[in-house]
Amino acid sequence: MNNYHTHTFRCRHAQGDVADYVAAAADAGLSELGFSDHCPYPDGRWPSVRMAMADLPDYLEALRTAKTRAAASASSPRILSGLECEWSPEYESFFREEYLGRLGLDYLAGGIHSYLHGGEWRDTFAISEASELGYFAETTCRAIESGLFAFLAHPDVFCFSWLPWDESARSCAADILSTAESSGCLLEINGYGMRKKKVGGAGGTRPPYPRPEFWRLASDYDITCIVNSDAHRPVDTAANLAEGRELAARFGLKVAEALPLQNASHKIGK
């Protein structure tokens, strides 16, 4: 098994550094470990939940060191370099030219923790009106259509705050799934949601995501999933990967065994 969604202490809400996760991945028998810590923005936005630009060189150096050591060790997983990004229209070119271009990261992951409504950013974890689901879906679909991202993290994250599986939720999900189908973007079954505090609803408590109803609907579309841990602690490097695969198998979903790299050179540029 592999995991391509891993965070370090630099994002300010995770623990451990690159070497700690590599050691945990080796102990778990993972073949590949991808790092996708929350990307920094030149304007410093969302500073409490992502690294600063000043932290980026240290992150890249830690990844270079890990790649070099992994290449010399038969017991180490292959190490991949990435970042998890919000889709942001004004920084789409920057992500492509700087992160995938000049810095040569192996991949970018999209994660819509904030969505656009009327030119303002709204918190995905605080959706309280059905109309907001449409704006979340619109931002998510534009992220997918940008072609920037090797996979879209937790596409059903809106279920954290929107509890009913009603027509609004189904419509939101259908927009995301149809866009993923037409673009070929991988959709992530996210293990971190399985470890979060359960949320309530008419049917009782449940993990906030992955939401089974979302993935049941996904079986009506020609999509491919990728299963990740979304590790925020080294101990969780391989957590819930088996459960995520079981969810995919329950609904007959295709699962990518490895992540197609956006930079085939497998190098971090200088």
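This text goes with the structure placed above it.
Residues numbered from 1 in each chain as written. Predicted model: local features only at pLDDT ≥ 70, side-chain atom pairs only at ≥ 80, totals over all residues. Heavy atoms only, no water.

(A) Structural view of the packing of aromatic side chains. Overall, the coordinates contain 16 aromatic pairs when judged by the stated rule. Plain terms: the ring middles of Phe125 and Phe160 are 5.0 Å apart, the flat faces sit at 85° to each other, and that makes the pair edge-to-face. Residue Phe125 is found in the loop between β6 (120-123) and α4 (130-145), and its partner Phe160 is found in the loop between β7 (151-152) and α5 (167-183); the two are separated by 35 residues along the sequence. Note on Phe125: relative accessible area 26%, which makes it partly exposed. One Lys or Arg, Lys196, reaches over the ring of Tyr192 and ends 4.1 Å from the middle of that ring. (Phe/Tyr/Trp six-rings, centres within 6.5 Å; stacked < 30°, edge-to-face > 60°. Helix = DSSP H or I, 4+ residues; strand = E, 2+ residues; numbered from the N terminus. Buried < 20%, exposed > 50% of the residue type's maximum accessible area, 1.4 Å probe, protein only. Lys NZ or Arg CZ within 6 Å of the ring centre and 35° of its normal.)

(B) Representation of unusual backbone geometry. Looking along the chain, the bond that leaves Tyr209 and enters Pro210 is cis, with omega of 0°. Its place among the elements puts Pro210 in the loop between α6 (192-195) and α7 (212-218). Even without being a glycine, Arg12 presents a positive backbone phi close to 75°. Inspection of the secondary structure assignment puts Arg12 in the loop between β1 (2-3) and α1 (18-28). Exposure remark for Arg12: the relative accessible area of 45% places this residue in the partly exposed category.

(C) Representation of the nonpolar core within the structure. If you look at the biggest cluster of nonpolar residues, it comprises 69 residues, and the most contacted ones within it are Leu83, Phe158 and Trp215. In terms of residue count, the dominant contributor to this core is helix α2 (residues 56-71) (seven residues). Setting aside residues no more than four positions away along its own chain, Trp215 makes contact with Pro155, Asp156, Leu187, Glu188, Ile189, Pro210, Ile223, Cys225, Leu247, Phe251 and Leu253. If you look at the next biggest cluster of nonpolar residues, it comprises 11 residues, including Tyr107, Leu186, Ala256 and Leu259. (Core = buried A, V, L, I, M, F, W, Y, C linked by side-chain atoms within 4.5 Å. Contact = heavy atoms within 4.5 Å.)

(D) Region of interest: the pattern of salt bridges. Overall, the coordinates contain 18 salt bridges when judged by the stated rule. Here Arg10 and Asp58 are joined by a salt bridge, their closest N and O atoms 2.7 Å apart. Of this pair, Arg10 sits in the loop between β1 and α1 while Asp58 sits in helix α2, and the two are 48 residues apart along the sequence. Overall, the relative accessible area of 3% leaves Arg10 in the buried class. On the basis of relative accessible area, Asp58 is assigned to the partly exposed category, the value being 43%. (Salt bridge = Lys/Arg side-chain N within 4 Å of Asp/Glu carboxyl O.)

(E) How the structure looks around the environment of Asp123. Tracing the chain through its elements places Asp123 in strand β6. Sequence spacing of Asp123 and His113 is 10 residues, and the spatial spacing of their C-alpha atoms is 6.4 Å. Not counting the four nearest positions on each side in its chain, Asp123 is found in contact with His113 and Tyr115. Within polar-contact distance, the side chain of Asp123 engages the backbone nitrogen of Phe125 at 2.9 Å. (Polar contact = N/O pair within 3.5 Å; in protein donor to acceptor, adjacent residues only side chain to side chain.)

(F) Region of interest: the pairing of strand β5 (residues 114-117). The pairing of β5 with β6 spans four bridges and is antiparallel. Paired with Leu116 across the bridge in β6 is Trp121. Connecting β5 to the next strand, β6, in antiparallel fashion are two residues, including Gly118 with a positive phi near 60°. (Pairing = 2+ DSSP bridges.)

(G) A look at helix α3 (residues 92-102). Every buried residue belonging to α3 is among Phe95, Glu98, Tyr99 and Leu100, and all of these are buried. Projected down its long axis, α3 shows its buried positions confined to an angular sector of 160°, all on one face. On its buried side, α3 packs onto α2, β3 (78-85) and β4 (107-110). Where α3 terminates, the next one or two residues include Gly104, which has phi positive at roughly 65°. (Arc of directions from axis to C-beta.)

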